[in-house]
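Inside the fold
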Amino acid sequence: MAKKNKSALSEKDGVSKPETTYKKSAEKIRLNRKKQPSVNEFIEKITAGNITHLSRAITLIESTNPQHQQKANQILEGCMPYANNSIRIGITGVPGVGKSTFIEAFGKHLTSLGKKVAVLAVDPSSSVNKGSILGDKTRMEQLVVDKNAFIRPSPSGTSLGGVAQKTRESIILCEAAGFDTIIIETVGVGQSETAVHSMVDFFLLLKLAGAGDELQGIKRGIIEMADAIVINKADGDNSKKAQMAKLAFQRALHLYPPKDNGWTPKVLTASALNKDGISSIFEMITNYIQKTKQDSHFTDKRNKQNKFWLLETINQEIKNRFYNQSGIQKLLEEEITNLEKGSTTPFNAARRLLDK
């Protein structure tokens, strides 16, 4: 009797998953994802320093679901008595200036002093692919595993105001969770600097030497907002250029009017890669905080910031309610058509839409 030919490429049946175990695990995962802690549980866990509940609460803040927003607001209200006890530091600079390396070196220095550091980012999404511009968690390899640090990239979104507002609310939760130093990073390519400046106690601008932006930087309004300028990457062959850039910025700062609190912005050099100058920067920030707390400017600034965010939130809410009204999109398209025909002006069209 002839033997049956078998192909060398034939496969044997694999071992199938136990159906009951697989189904039970899948159902358990699904239920855990669906189950949400109560508001009181969130508040209790966050104020006890539970990072998992802190992360989940920030996710609720970032959600556009009305139920999630309602719950997030209740959590924020409950956490407010435990907030406002940190130092908030804003850090900005153009892409390539070394923000992530600097923040990691600065954050590790703070945690070595026993401080708890939270890093948040104001990160409007890319206009090209709608994805997140920053990827801080993948770049701060040492800080992300530090038990006294918490890194949270911001939500992607087309509205800078919306992203900034969510970051502002996340600060409250981080403070309630026991973080005494909050670092807010901005991508540094637009109006995000202004948003960050309106939510921090100290605003730090990172610059590069020899990048050709010394004089350009002097023209920018961001210099006026800065409480200090740090020339980063001041190492190796770049050390001499960094000292020259430091002198250029020191001269430029004298052209600006003095700040209301009497503080004269400082210019320092640092090498985040080599950890040089990091301790001096923290010492300068500490001196600034002590000075502004003594003469009440610290509290005055926070009160002004709270007023700013109150008005900003009202403006954003009015805008949202207008565009979400029934039939407004159709009327808007009609007015745009009238504009294209030249039968109306933008101002009259806007008035008619607002009246309706």
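To keep things clear, this report deals only with the structure shown in the data block. (Residues numbered from 1 in each chain as written. Predicted model: local features only at pLDDT ≥ 70, side-chain atom pairs only at ≥ 80, totals over all residues. Heavy atoms only, no water.)

As a further point, take the overall build of the protein. What the protein contains, in helices and strands, is 15 helices and seven strands. Of all 356 residues assigned to the protein, the portion counted as buried reaches 42%. Long-range contacts, defined here as pairs at least 24 residues apart, represent 75% of the contacts in the protein between residues at least 6 apart. (Helix = DSSP H or I, 4+ residues; strand = E, 2+ residues; numbered from the N terminus. Buried < 20%, exposed > 50% of the residue type's maximum accessible area, 1.4 Å probe, protein only. Contact = heavy atoms within 4.5 Å.)

Oppositely charged side chains can form a pair if their charged atoms are brought close together. Summed over the entire model, instances satisfying the criterion amount to eight salt bridges. Of the charged contacts, one joins Asp-227 and Lys-259 as a salt bridge, the two residues approaching to 3.9 Å between their closest N and O atoms. Taken together, the positions of Asp-227 in the loop between helix 10 (222-225) and strand 6 (228-232) and Lys-259 in the loop between helix 11 (239-253) and strand 7 (266-269) put the pair 32 residues apart, joining distant regions of the chain. The same class applies to Asp-227 as to Lys-259, namely buried. The residue Glu-317 makes a salt bridge to Arg-321 at a minimum N-O spacing of 3.2 Å. Here the residue Glu-317 and the residue Arg-321 both occupy positions in helix 13 (residues 297-323), the gap between them amounting to four residues, near one helical turn. (Salt bridge = Lys/Arg side-chain N within 4 Å of Asp/Glu carboxyl O.)

This part is about unusual backbone geometry. One non-glycine residue, Asn-84, lies in positive phi territory at about 65°. Taking the relative accessible area as the measure of exposure, Asn-84 reaches 41% and is therefore partly exposed. The phi torsion at Ser-296 lies on the positive side, around 70°, for a residue other than glycine. Mapped onto the fold, Ser-296 is located in the loop between helix 12 (278-294) and helix 13. Owing to a relative accessible area of 36%, Ser-296 belongs among the partly exposed residues under this scheme.

With that settled, consider the packing of aromatic side chains. The relation between two aromatic rings is expressed through the spacing of the ring centres and the mutual angle of the planes. All told, the structure shown has seven aromatic pairs when counted by the stated rule. Here the aromatic rings of Phe-150 and Phe-179 are separated by 5.9 Å at their centres, their planes lie at 35°, and the arrangement is tilted. Residue Phe-150 is found in strand 3 (residues 149-152), and its partner Phe-179 is found in the loop between helix 7 (160-176) and strand 4 (181-186); the two are separated by 29 residues along the sequence. On the basis of relative accessibility, which here comes to 2%, the residue Phe-179 falls in the buried class. On the numbers, 5.3 Å between centres and 85° between planes, the contact of Phe-308 with Trp-309 is edge-to-face. Residue class for Phe-308 comes out partly exposed when judged on its relative accessible area of 35%. (Phe/Tyr/Trp six-rings, centres within 6.5 Å; stacked < 30°, edge-to-face > 60°.)

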